[in-house]
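# Understanding the architecture of this molecule
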Amino acid sequence: MKLTLSSDIKKIEELSYEKYGIQSITIMENAGSSVAYEIKEANLDTDEFVVVSGTGNNGGDGFVVARHLQNFGYKVTVFIVGNPKNISGDAKINFDILKKIDMQIENISEQNGLIKFEKMIKKCPYIVDAIFGIGIDREISDIYIGTIERINLYKKFVISVDIPSGVDSNDGHIYGTCVRADKTVSFILPKIGNIMYPGSSYSDELIIKTVGIPVKAINEKKLKYQIVTEKFAKNFLMLRKRDSHKGNYGKANIIAGSSGLTGAAILTCKAALRSGLGLLKLYIPESLNTLITLSVPETVTVPLHEMRKGVIGINHINRIVEDSNSVNVLAIGPGCGNTSEISETVRRSILDVKAPLVIDADGLNALSKNIKWLLEREGEIVLTPHPGEMSRLSGYSIDEINKNPIHIANEFAEKWKVVLVLKGSRTVIATPDGSVYVNINGNPGMATAGSGDVLTGIITGFIAQGIEVYKSAILGVFLHGMAGDLMAEKRGEYGLLAGDIVDGLAYALKNLTNLNEK
Ligand SMILES: NC(=O)C1=CN([C@@H]2O[C@H](COP(=O)(O)OP(=O)(O)OC[C@H]3O[C@@H](n4cnc5c(N)ncnc54)[C@H](OP(=O)(O)O)[C@@H]3O)[C@@H](O)[C@H]2O)[C@@H](O)CC1
Ligand SMILES: [K+]
């Protein structure tokens, strides 16, 4: 499902009106009535509603909701926040209708109105929030703060129109304060602010209504953001043929692990193998070989002589590079340590390995000091940073990245021609052609040591199996989240270990392939 900026929605609406002759008032009517019917069908235990409208078109939608709710037999009171003189266009048409049908309308433009509002919502259990939609563009002040804080204070059931009032639809940040909604009914397509944090945490449920905008108008607007849904991800998965052997499922090389960080190598290898790949080779400092072999016996290890304890010697790089040109993918980084040996390995791999590369953790740290190496890269490359690593790679602060992961990932992937997997509570996958995919499954239990190593292993495993590089990244992120969710259901979020995600991956893959077969 596509994901939009407010400008995308405005463009789609413009196309619908100007090219296809749809009337904007019709769309407002459909938007408002879709919310009202959603409320009616929920059979809520009330005979009364409060609708809180702003003075823009979101408020206009609220006026339509109020009219329909009244028709359904509910007692409705409309509170307008702001100066009613500012209501114009379609919203004004609907406002005038309310006056003609004797709707009870109150105004919250000063303290008096606020007291009246408070009194009313204390006794009315259901509130429709139509204060701001995609048009909010600045910090909220005064009377708006007072209104929103009162809505939140009494913990009533709140239905937000389009987006909880206070969320920026373009990035999900909050303009000072925000309505806490139980349900949001959004129109045409979800907005980035409905999906990204913190905005998405302000609504427990999100419903999308099409409101009569022609699909043609939506398709004509090239939309670059997309949510990764199960339906979308499962198409990338290849069914395993009955008459196949391990040679059909690809070969991967991994460089991971160093003294004290052997666990990272173990997790990466286990995850790669669990993704279904045929043959896995791990390059490992020789002193760690026994531990790896005992922990992941399915991995072929290449124990390499150490010039420094627990670190692969620099003299082996030629061999690794040469070997990696005969496999389907090379992954570098998990638990490698921040060493000059790894830095040189990353440099040579970027320059000389033609197979796709997956670079994570210490591999990224090496790259961030020498980002221009990417200019020399001919083959495909996936980078899987968390916000700290992304900060070192991009120069943006962690705070900036957390506030705007979609736009920063998009810019970086296009600039450096990489598939970028920016990890976070909503992992973003950005591709060199400017497409951006946002993953929405997963849970806070997955924010645990080794979780990223598991993701690197999964993506590596899928690339090895011949799934296109960007699709492997999307599928890997989706299944990583799905595996985490399955295991959190069994064990809870607190006790979740990265190793559980590896176990969950087997079940997640089983679920997804079952869906594929149906
Ligand atoms: N376009 C369409 O055809 C359709 C649109 N639809 C609906 O319209 C919504 C978008 O409507 P919109 O563009 O009018 O913006 P909206 O969210 O109502 O906010 C603008 C108002 O808020 C005000 N304001 C802003 N920030 C403020 C602040 N911090 N503090 C105080 N005031 C502030 C701003 O005031 P101003 O900046 O002019 O002073 C203006 O009055 C969309 O989400 C959907 O619900 C549907 O009906 C389908 C058809
Ligand atoms: K709203």
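Residues numbered from 1 in each chain as written. Chains lettered and ligands numbered in written order. Predicted model: local features only at pLDDT ≥ 70, side-chain atom pairs only at ≥ 80, totals over all residues. Heavy atoms only, no water.

Quick reminder of the rule: UniProt positions are given in the numbering used here, feature names are shortened, and annotations may be inferred rather than shown by experiment.
If you look the protein up in an unreviewed UniProt entry, it shows as Bifunctional NAD(P)H-hydrate repair enzyme from Helicovermis profundi. Annotation of the protein in UniProt includes, under Subunit (unreviewed entry), the sentence "Homotetramer."

### Some details on the pairing of strand 2 (residues 48-53)
Within a regular strand, the side chains alternate between the two sheet faces. Where we set the bar: Each residue's exposure class comes from its accessible area (1.4 Å probe, protein chains only) as a fraction of the maximum for that residue type: buried when under 20%, exposed when over 50%, partly exposed otherwise. A run of H or I in DSSP counts as a helix once it spans at least four residues, and a run of E counts as a strand once it spans at least two, with each numbered from the N terminus. Two strands pair if DSSP finds at least two bridges between them. We call a crossover right-handed when, viewed with the strands running away from us, the connection from the first strand over the helix to the second turns clockwise.
With 6 of its 6 residues buried, strand 2 lies for the most part within the structure. Residues Glu 48, Val 50 and Val 52 of strand 2 are buried on one face, and the alternating residues Phe 49, Val 51 and Ser 53, pointing to the opposite face, are buried as well. The pairing of strand 2 with strand 3 (residues 75-81) spans 6 bridges and is parallel. Bridge pairing in strand 3 places Val 50 opposite Thr 77. For the crossover that starts at strand 2, traverses helix 3 (residues 57-71) and ends in the parallel strand 3, the hand is right-handed. In terms of strand pairing, strand 2 meets strand 5 (residues 126-130) through 4 bridges, oriented parallel. Looking across to strand 5, one finds that Ser 53 is bridged to Ala 130.

### What to know about the site of ligand 1
Going by this rule: If a single non-hydrogen atom of a residue is within 4 Å of a molecule or strand, that residue counts as near it. N or O atoms closer than or at 3.5 Å make up a polar contact, with two conditions inside protein: a donor-capable atom paired with an acceptor-capable one, and, for residues adjacent in sequence, both atoms drawn from side chains. Accessible areas in this description were obtained via Shrake-Rupley with a 1.4 Å probe; residue shielding takes into account the shown protein chains only.
Every one of the 21 residues lining ligand 1 counts as a neighbour, but Glu 13, Tyr 17, Asp 61, Gly 133 and Asp 162 are closest to it. Between ligand 1 and Thr 55 there is a distance of 3.2 Å, counted from an oxygen atom to a side-chain nitrogen or oxygen. Here an oxygen atom of ligand 1 sits 2.6 Å away from a polar atom, N or O, in the side chain of Asp 162. Alone, ligand 1 offers 920 Å² of accessible surface; in the complex the protein occludes 79% of this. For the shell around ligand 1, the secondary structure elements donating two or more residues are helix 1 (6-18), helix 2 (24-41) and helix 3.

### Quick notes on the coordination of the potassium ion (ligand 2)
Note the cut-off: Atoms of type N, O and S within 2.8 Å of a metal are treated as its donors, and for Na, K and Ca the window is 3.2 Å; water is not considered, so some sites may appear to be missing partners. Geometry assignment treats four donors as tetrahedral when all angles are between 85 and 135 degrees, treats four as square planar and six as octahedral when opposite donors are over 155 degrees apart and all others between 65 and 115, and treats everything else as irregular.
Looking at the potassium ion (ligand 2), one finds its protein donor set to be Asn 58 (OD1), Asp 129 (O), Phe 132 (O), Val 161 (O), Ile 163 (O) and Ser 165 (OG), positioned 2.6 to 3.2 Å from the metal centre. Viewed at the metal, the 6 donor atoms of the potassium ion (ligand 2) are separated by angles of 67 to 175°, and the geometry they form is irregular. Spacing between the donor residues of the potassium ion (ligand 2) along the chain follows N-x70-D-x2-F-x28-V-x1-I-x1-S. Of this pair, Asp 129 sits in strand 5 while Val 161 sits in strand 6 (residues 157-161), and the two are 32 residues apart along the sequence. The pair Asp 129 / Val 161 is uniform in exposure class, with both members buried.

### Quick word on the pattern of salt bridges
The criterion, for reference: Within this document, salt bridges are pairs made up of a side-chain nitrogen of Lys or Arg and a carboxyl oxygen of Asp or Glu, the two lying within 4 Å of each other.
Across all of its chains, the model carries 23 salt bridges by this definition. The partner of Arg 150 in a salt bridge is Glu 118, and the shortest N-O contact between them spans 2.9 Å. Here the residue Arg 150 occupies a position in helix 6 (residues 142-153), and Glu 118 occupies one in helix 5 (residues 111-123), the gap between them amounting to 32 residues. In this structure, Asp 352 engages Arg 348 in a salt bridge whose closest nitrogen and oxygen atoms are separated by 2.7 Å. Of the two residues, Asp 352 and Arg 348 are both situated in helix 13 (residues 340-352); the distance of 4 residues between them amounts to about one turn of the helix. Under the relative-accessibility criterion, Asp 352 is labelled partly exposed at 29%. What emerges from the salt-bridge pattern is a single network uniting Glu 38, Lys 183 and Lys 209.

### Details of the nonpolar core
Selection criterion: The criterion is simple. A nonpolar core is a set of buried Ala, Val, Leu, Ile, Met, Phe, Trp, Tyr and Cys residues joined through side-chain atoms within 4.5 Å. Contact between two residues is taken to exist if any of their heavy atoms lie within 4.5 Å; hydrogens are not considered.
Counting residues in each nonpolar core, the largest one holds 56 residues, and the members touching the most others are Leu 282, Val 421, Ile 429, Val 454, Phe 462, Leu 475 and Leu 479. With 10 residues, the top contributor of residues to this core is helix 19 (residues 469-491). Those residues in contact with Leu 282, other than ones at most four positions away along the chain, are Ile 254, Ala 256, Ala 265, Cys 269, Ile 292, Thr 299, Val 300, Thr 301 and Val 302.

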